[in-house]
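Residue strings, one per chain:
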Amino acid sequence: MVITGLGVVSSIGIGPERFAAGLRLGRSGVSPITAFDTTGYAHANGCQVLGFDPAAWIRRTPVDSLGRASRFSAAAARMAVQDAGLIDRQLQVARCQVSIGTTDGESYDLDRLTAAEVAGGPAHLSPRLARRVPSPLLSVAVARELGLTDAEVLTVGTACSAGNYALGNGLDAIRFGDADFALCGGADAVCRKTFTAFYRLGTIAPDCCRPFDVGRQGILTGEGAGVLLLESLGSARARGARVYAEVLGYGLNCDAYHPVAPNEESVARCMALALSDAGVKPQEVDLISAHGTGTKANDITESRAIRRVFGERPPRTVALKSMLGHTMGAASALGAIACSLAITHRFIPPTINHVETDPECPIDCVPNTAVEADLRIVQNNGLAFGGNNAVVLLGKHEELL
Amino acid sequence: MNITAWSTVSPYGLGRAAFTAGLLARRPTAVALDPGQWQVPDARACLVPQFDPRTTLGLKGTRTMNRVTGLAVTAVGDLAQDLGAPAGPIDDPMDPAADGIMPGSMAGSMPRTALVLGTTTGSVQSMMDFTRSSLTGERPFDVEPAAIPNSVMNCAAAQCAIWHHIQGPNTTLACGRPSGLLALAYARRLLLGGRAETVLCGGAEEYSPARSWLEHHSRDGEPALLGEGAAILRVEFTDGPDTLATVLAVESRVCLPTSSGTGRASRAVTYTLGAAATATLTATAPAPANTRPTSANRTALAETDVAATVAEAVRRALGRAGVAPRNVWAAVPSGHSEGESAALRELFGTAALERVPATGDLLGDTGAASAAFQLTATLAAGADESGRVAVITSVDPGGAVAAAVLRLGDGAFRGTPR
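Rules and cut-offs
- Residues numbered from 1 in each chain as written.
- Chains lettered and ligands numbered in written order.
- Predicted model: local features only at pLDDT ≥ 70, side-chain atom pairs only at ≥ 80, totals over all residues.
- Heavy atoms only, no water.
- Helix = DSSP H or I, 4+ residues; strand = E, 2+ residues; numbered from the N terminus.
- Buried < 20%, exposed > 50% of the residue type's maximum accessible area, 1.4 Å probe, protein only.
- Contact = heavy atoms within 4.5 Å.
- Areas by Shrake-Rupley, 256 points an atom, 1.4 Å probe, with all protein chains shown as cover.
- Core = buried A, V, L, I, M, F, W, Y, C linked by side-chain atoms within 4.5 Å.
- Buried area = accessible area lost by both parts, 1.4 Å probe.
- Salt bridge = Lys/Arg side-chain N within 4 Å of Asp/Glu carboxyl O.
- Polar contact = N/O pair within 3.5 Å; in protein donor to acceptor, adjacent residues only side chain to side chain.
- Nonpolar A, V, L, I, M, F, W, Y, C, P; charged D, E, K, R; others polar.
- Axes fitted to C-alpha atoms, helices over the stretch in contact; angles between N-to-C directions.
- Parallel < 35°, antiparallel > 145°, perpendicular 65-115°, else oblique.
- Pairing = 2+ DSSP bridges.
- Expected span 1.5 Å × (residues − 1).
- Phe/Tyr/Trp six-rings, centres within 6.5 Å; stacked < 30°, edge-to-face > 60°.

**What to know about the overall build of chain B**
Next up, step 1: Looking only at helices and strands, chain B has 12 helices and 13 strands in total.
Next up, step 2: In chain B, which comprises 418 residues, the share counted as buried stands at 66%.
Next up, step 3: Within chain B, contacts between residues at least 6 apart in sequence are counted, and of these 78% link residues at least 24 apart.
Next up, step 4: With an accessible surface of roughly 13500 Å², chain B has 53% of that area assigned to carbon and sulfur atoms.

**Some remarks on the nonpolar core**
Next up, step 1: One finds A:I3, A:F19, A:L23, A:L230, B:F19, B:V199 and B:V235 to be the most contacted residues of the largest nonpolar core, which totals 99 residues.
Next up, step 2: Each residue touching B:V235, except ones within four places of it in the same chain, is listed here: B:M1, B:N2, B:I3, B:L184, B:A187, B:L191, B:T198, B:V199 and B:C201.
Next up, step 3: Of all hydrophobic cores here, the second largest spans 36 residues; its members include A:V98, A:F181, A:A225 and A:V227.

**Considering the interface of chain A and chain B**
Next up, step 1: Facing the 80 residues of chain A at the interface are 72 residues of chain B.
Next up, step 2: Between chain A and chain B, roughly 6600 Å² of surface is buried when both sides are summed, and carbon and sulfur atoms account for 61% of that area.
Next up, step 3: Together, A:R131, A:R144 and A:Y257 form the three largest contributors to the area buried by chain A at its contact with chain B, with a combined 10%.
Next up, step 4: Inspection of the region where chain A meets chain B yields 10 salt bridges.
Next up, step 5: Applying the counting rule to chain A against chain B returns 33 residue pairs in polar contact (both at pLDDT 80 or more).
Next up, step 6: Counting only elements with at least two residues in the side of chain A that touches chain B, the list comes to α4 (107-120), α5 (127-132), α6 (137-146), β6 (151-156), α7 (162-175), α8 (192-200), β9 (245-254) and α10 (264-278) of chain A.
Next up, step 7: At 8 residues, the largest contribution of residues to the side of chain A that touches chain B is made by α4(A).
Next up, step 8: Residue classes in the side of chain A that touches chain B are distributed as 37 nonpolar, 23 polar and 20 charged.

**Digging into the pattern of salt bridges**
Residue and element names in this part refer to chain B.
Next up, step 1: Applying the stated criterion across every chain yields a total of 46 salt bridges over all chains.
Next up, step 2: Here R139 makes a salt bridge to D142, at a shortest N to O gap of 3.1 Å.
Next up, step 3: A relative accessible area of 45% means that R139 is categorised as partly exposed.

**Considerations on the packing of helix α1 (residues 15-24) of chain B against helix α12 (residues 370-381) of chain B**
Residues and elements named next belong to chain B.
Next up, step 1: Relative to each other, α1 and α12 sit at 80°, their axes nearing to 10 Å. Classified by the angle between their axes, α1 and α12 sit roughly perpendicular to one another. Seen from α1, the contacting residues are F19, T20, L23 and L24; seen from α12, they are F373, T376, A377, A380 and A381.
Next up, step 2: Taken together, the residues that form the contact of α1 with α12 break down as 7 nonpolar, 2 polar and no charged.

**Some words on the sheet that holds strand β3 (residues 31-32) of chain B**
Residues and elements named next belong to chain B.
Next up, step 1: One open sheet accounts for 3 strands, arranged β3-β4-β8; its pairing is mixed. Looking at which strands have only one partner, the edges of the open sheet turn out to be β3 and β8 (226-227).
Next up, step 2: The sheet contact formed by β3 and strand β4 (residues 44-46) spans 2 bridges and is antiparallel. Paired with V31 across the two strands is A45, which belongs to β4.

**A few points about the side chain of A:S332**
All names here are of chain A.
Next up, step 1: One can find S332 in helix α13 (residues 331-345).
Next up, step 2: The class for S332 is buried, based on a relative accessible area of 2%.
Next up, step 3: From its side chain, S332 meets the backbone nitrogen of G163 in a polar contact 3.4 Å long.
Next up, step 4: Among the polar contacts listed, one links the side chain of S332 to the backbone nitrogen of N164, at a separation of 2.8 Å.
Next up, step 5: Sequence-distant contacts of S332, that is, excluding residues within four places in its chain, are made with C160, S161, A162, G163, N164, N380, N381 and G382.

**Details of helix α2 (residues 68-83) of chain A**
Residues and elements named next belong to chain A.
Next up, step 1: Look at α2: 22 Å from first C-alpha to last across 16 residues, which is about the 22 Å you get at 1.5 Å a residue.
Next up, step 2: Of all 16 residues making up α2, 13 are buried, and the element is well covered by its neighbours.
Next up, step 3: Immediately beyond the C-terminal end of α2, within one or two residues, lies G85, with a positive phi of roughly 75°.

**Some words on the packing of aromatic side chains**
Describing an aromatic ring pair means giving the distance of the ring centres and the angle of the ring planes.
Next up, step 1: A full pass over the atoms with the stated rule returns 13 aromatic pairs over all chains.
Next up, step 2: Ring geometry for A:F52 versus A:F72: centroids 5.2 Å apart, planes at 70°, classification edge-to-face. Taken together, the residues A:F52 in the loop between β4 (45-46) and α2 and A:F72 in helix α2 connect sequence positions 20 residues apart.
Next up, step 3: Take A:F72: its relative accessible area is 0%, and that puts it in the buried class.
Next up, step 4: Seen from their ring centres, B:W6 and B:F19 are 5.7 Å apart, and the 70° between their planes marks the pair as edge-to-face. Of this pair, B:W6 sits in strand β1 (residues 2-10) while B:F19 sits in helix α1; the two residues are 13 residues apart in sequence, bridging distant segments of the chain. Take B:W6 and B:F19: they sit in the same class, and that class is buried.

As structure tokens, then:
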């Protein structure tokens, strides 16, 4: 199964070209949060998507009928289709799988409805906003925008690893004959609810996100969407499509342990499951895109789990959240896209904002500056509240002679 | 792929026996809501009687558990115990009253069991409560940290895993009404991929003021009967004597809104209730005119389009299953869409629609649990109908349509009766 189209809405660039350029330059997506009133918080930086014009991408759907996350997912799907060199009609006559992961769905609208309820009671809420709230719409928006009727449409609500869950589902849907094309990824919008939750837990960094750094202070909440178009190699060859990468396999498991704290043994087991599914040995992995949130707990647990699987000399391990913030349900989808771009364009995106690696996280995080590298196999980690782990392995597509 | 066990927490009460008895008696479950207790637009709802996570599951680990999580943990618990999971809750690490240690060992855990749980939007009540405390507290971060997991959509599935030691894939499908059918298709792929040996799948939905008000406004105030509960099925590839039904095919389609999504020409499919009231609609008849004006951006589905989409999904599913329409014993619609019921009536005749009691009428709109309830109702009503074929369909207001074809088996429950 191969990736032939990428759609990106992110704080460091919209569209795969700008996103790739941002990754290579180590751009920071940080800005003061404007999505909601941040009065009363000591600090409120985030990684919002600025300058996003939904009308530039969304043609068939009244934009007003979509919440912010659904606008992101529909736009990213439209981009992925264009990037793959497909026209809508080709998808409409095929069998499609749409899987969009999310943590918060349309919580941005739900927050606004809550504010309206606080102000005027529940009898006076906006029907327009209320109709945008149900989470199935994040994936339905993709089908509506592309005019897909012969499609299985799933919104995957498995929090911050949902993008990888969606990607794995797309892989299996094609592998087992349930679909010809899969549009899979994740989307989320910055909202008060989630910012406040992380703030209350003491895990929002005051300025920027510094994964694996001894001075790291937590995450920044981010937003955006990533959608990947998957098809079989035969399909891609038949239409002469450009191949970014192959999806080699994936692993899913659940810590079944703690609502918010990750479990090292279980995270390691998920990586082992993914490697086994992909038929890849640990020493064959050239790069890991970590979940890498920049919290004390995650980075220690994740780097220890990596060393459990990969030994004392693990592959270089980068944390894109240093640039993008934590884009929640979009995070591992954007991670998978970054991995695909890294393979295609032969570079490793850096972990920015890095000063000094935490001795408790002894990995090479490729600090601050991208490096050139010929990558054959890349691992993309996604971990989530609830112990929902999902790891995907991507490989360079090399035509056999 | 076979269904080998099921469990429900329904408006009929806890467990399979209560569900089966109430369903086969076709007993409606709507109760009048006490306006002193419920400040909601609904006069009636279908509630799980006397359900409260703390009374049903005990005080340990339930201090901050929300209702939908409690429903799911209870329903999954019945099946997990059948599989040999350690009974009972573990200590809640978020609960300061808990003094035990988290089970660090994986003894008794189930790494080869997956959980696939349907939802619509998680608990909108927990989410709105959380944001409200941020908006009304002295400081915007004066919120209850233990409530944080409740405000995320995967809370129920994750808590099911923690309570019942289920360490395989743990997937939350936020697909609304068809979740239970889509979960079957998803479960099949997990099994085919060797990612699990057993999948527990279904859906859960809670009744809450927040859900009630949001759905009320979404419908522009049209009345509806909401319900709640959780229904879970155990599916696996093993072909043992406990096969309750074989899943022959699951097919899904999307019904797109008409005329750029402004639903002017037809009555919206959203939240219309009751197959009985819709006898006039057929798959080919023009849709009835709107009975009331709708808001400008209402993205409505035309009933005729819904009917055509359901019919196409069913035809394809039957084709994949190799079953002729005349051999379908029961047709089981969600009961929340006129077009859906009309399509099934046209394909299979009225008698087929009456064989399985209409969960949509009896239990109300149970949202993400509804298709799973249709499945458990089919198994309950078809317990002595081995070899018969049933078609189950569902339509989400967003436009996702799913159809499943089951062949009933002659398996007997080996599970613990509740």
